[in-house]
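# Working through the structure, step by step
Residue strings, one per chain:
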Amino acid sequence: MEIRKVGVVGAGVMGVGVAQNLAQTGHEVVLIDVTEERLQEARNEVAQALRMQSFFQKKKEAGESHDTILERIHLTTDYEDLSDVDFVVENTTEKWPIKEKVYRLMDPICPERTVIAVNTSCISITKVGAVTQRPDRIVGMHFMNPVPLKNMTEVIRGHHTSEQTLDIARQFLKGMGKDCIVVNDLPGFVSNRVLMLTINEAIFVVQDQVASAEDVDRLFKTCFGHKMGPLETGDLIGLDTILYSLDVLYESYNDSKFRPAPLLKKMVDAGLHGRKSGEGFYNYGASLG
Ligand SMILES: NC(=O)c1ccc[n+]([C@@H]2O[C@H](COP(=O)([O-])OP(=O)(O)OC[C@H]3O[C@@H](n4cnc5c(N)ncnc54)[C@H](O)[C@@H]3O)[C@@H](O)[C@H]2O)c1
């Protein structure tokens, strides 16, 4: 099955990365978000990322001009534009009421054959499948951030996800230059069930004044050889997304170990969302969002 035209729903941190990666690998992209303003920002972010990539690689990807790559990304707020896509990657906010509404809206519009991949940090793929008429064609696709630079993806098999859908998902990822590890569905899957606890506990450590954010991160980097510390990782993911993910895990498992640190809630209330807002545990100067 040829996957040529792809719907990318949600043009935030992840949607922008997915759209860029797809356009760079020759796919036609329909990028959807709720406002024109957000979509224009998303286009600027892709253009900026392409410039950065060229600067570091000292050559343009596959010899193509940035304009050619950007022209493959069609910006829209109209879900009807999903009526002829071969595949969808959904990347909307990590809040169940938002995702539920989006799936109820796009399921009847997308062609029957189309597989929809849920890019989520923690939300159950089985739960998403249940609000659609195509639970066998819903698959979890937990991309790593930044998407164009990370070649491994955690793919999640929902209760009803078919083997054929998994094969299509593997083929799709291969077309993006990526490999995958397939895991079963429980909220948070493997990576975020572990990672969210680590980031949250690191925030408690800072809140309790055991150490500064810099020292927490330095310990992880120098003692354990991690490329990034947990607080730098939190800033990269987005502290709002970390909070929403912990809320999902807390509700899903009814286990107090997932309760979000009060400092995390306070920072999110203050608009300190990490890199995308310009400030989190670290200061990034002007807003990158
Ligand atoms: N940030 C990460 O590192 C990361 C990594 C893997 C997976 N994820 C998951 O990917 C998803 C997106 O995360 P993000 O970091 O890009 O979040 P984000 O907050 O940066 O972006 C979410 C986008 O969804 C848009 N949106 C909201 N409602 C919408 C609707 N009805 N229709 C279309 N667009 C809508 C918002 O306007 C926003 O642009 C989440 O489920 C998150 O858990 C995030």
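Here is a short report on the structure shown in this document. (Residues numbered from 1 in each chain as written. Predicted model: local features only at pLDDT ≥ 70, side-chain atom pairs only at ≥ 80, totals over all residues. Heavy atoms only, no water.)

The helix and strand inventory of the protein stands at 11 helices and eight strands. For a compact globule of 289 residues, the expected C-alpha radius of gyration is about 19 Å, and the protein comes in at 19 Å, within 12% of that figure. In terms of its C-alpha atoms, the protein occupies a principal-axis envelope of roughly 55 × 45 × 35 Å. The 289 residues of the protein split such that 51% are buried. For the protein, long-range pairs separated by at least 24 residues make up 66% of all intrachain contacts whose partners lie at least 6 apart in sequence. Distance between charge centroids for the protein: 4 Å, based on 32 positive and 40 negative side chains. (Helix = DSSP H or I, 4+ residues; strand = E, 2+ residues; numbered from the N terminus. Rg over C-alpha atoms; globule rule 2.2 N^0.38 Å. Buried < 20%, exposed > 50% of the residue type's maximum accessible area, 1.4 Å probe, protein only. Contact = heavy atoms within 4.5 Å. Lys, Arg positive; Asp, Glu negative; His and termini not counted. Charge placed at Lys NZ, Arg CZ, Asp CG, Glu CD.)

Let's shift gears to the pattern of salt bridges. Close approach of charged atoms lets side chains of opposite charge pair. Enumeration according to the criterion identifies 14 salt bridges in this entry. Taking the shortest distance from any N to any O, the salt bridge between Arg104 and Glu100 comes out at 2.9 Å. Taken as a pair, Arg104 and Glu100 lie in helix H4 (residues 96-106) at a separation of four residues, close to a single helical turn. For Glu100, a relative accessible area of 24% translates into the label partly exposed. Note that Arg137 is salt-bridged to Asp136, the shortest N-O span being 3.2 Å. Its relative accessible area of 17% is what places Arg137 among the buried residues. Several salt bridges share partner residues, and in doing so they unite Arg38, Glu41 and Glu45 into one network. (Salt bridge = Lys/Arg side-chain N within 4 Å of Asp/Glu carboxyl O.)

Near the ligand, the surroundings consist of 25 residues, among which Met14, Asp33, Tyr79, Glu94 and Ser121 are the closest. Between an oxygen atom of the ligand and a side-chain N or O atom of Glu94, the distance comes to 2.5 Å. In this structure, an oxygen atom belonging to the ligand sits 3.1 Å away from a side-chain N or O atom of Asn145. Summarising the interface, the protein chains cover 89% of the accessible area of the ligand, which totals 830 Å² for the free molecule. Among the secondary structure elements, those contributing two or more residues to the shell around the ligand are helix H1 (13-24) and H4. Of the residues forming the shell around the ligand, the biggest block, three residues, is contributed by H4. (Near = heavy atom within 4 Å. Polar contact = N/O pair within 3.5 Å; in protein donor to acceptor, adjacent residues only side chain to side chain. Areas by Shrake-Rupley, 256 points an atom, 1.4 Å probe, with all protein chains shown as cover.)

For the rest of this paragraph, the subject is the packing of helix H7 (residues 191-207) against helix H8 (residues 213-224). Interaxial distance between H7 and H8 falls to 9 Å at its minimum, and their mutual angle equals 135°. The angle between H7 and H8 places the two elements in the oblique class. The two elements H7 and H8 cross, and the hand of that crossing is right-handed. Note on element contacts: H8 touches H7 through Ala213, Val216 and Phe220, opposite Thr198, Ala202, Val205 and Val206. Looking at the contact of H7 with H8, its residues break down into six nonpolar, one polar and no charged. (Axes fitted to C-alpha atoms, helices over the stretch in contact; angles between N-to-C directions. Parallel < 35°, antiparallel > 145°, perpendicular 65-115°, else oblique. Left-handed = near helix turned anticlockwise from the far one by under 90°. Nonpolar A, V, L, I, M, F, W, Y, C, P; charged D, E, K, R; others polar.)

Let us look at the packing of aromatic side chains. Applying the stated criterion to the full structure yields four aromatic pairs. Between Phe87 and Phe172, the ring centres sit 3.8 Å apart and the planes meet at 10°, which makes this aromatic pair stacked. With Phe87 in strand E4 (residues 87-90) and Phe172 in helix H6 (residues 163-175), the pair connects residues that are 85 residues apart, well separated along the chain. Against the face of Trp96 rests Lys127, its NZ or CZ located 4.7 Å from the ring centre. (Phe/Tyr/Trp six-rings, centres within 6.5 Å; stacked < 30°, edge-to-face > 60°. Lys NZ or Arg CZ within 6 Å of the ring centre and 35° of its normal.)

Moving on, we get to a nonpolar patch on the surface. A cluster of nonpolar side chains, namely Met52, Phe55 and Phe56, defines an oily patch on the protein surface of about 380 Å² accessible area. In this fold, Phe56 is placed in helix H2 (residues 36-57). Owing to a relative accessible area of 63%, Phe56 belongs among the exposed residues under this scheme. (Patch = residues over 30% accessible without salt bridge, like charges linked within 9 Å, V, L, I, M, F, W, Y side chains within 5 Å.)

Looking now at the pairing of strand E5 (residues 115-118). With burial as the criterion, each face of E5 is covered, one bearing Val115 and Ala117 and the other bearing Ile116 and Val118. One ladder, built from four bridges, connects E4 with E5; its direction is parallel. Bridge assignment links Phe87 to a residue of E5, and that residue is Val115. Running through H4, the crossover from E4 to the neighbouring parallel element E5 is right-handed. Where E5 meets strand E6 (residues 138-142), three bridges bridge the pair, whose relative direction is parallel. (Pairing = 2+ DSSP bridges. Right-handed = clockwise from strand over helix to strand, strands pointing away.)

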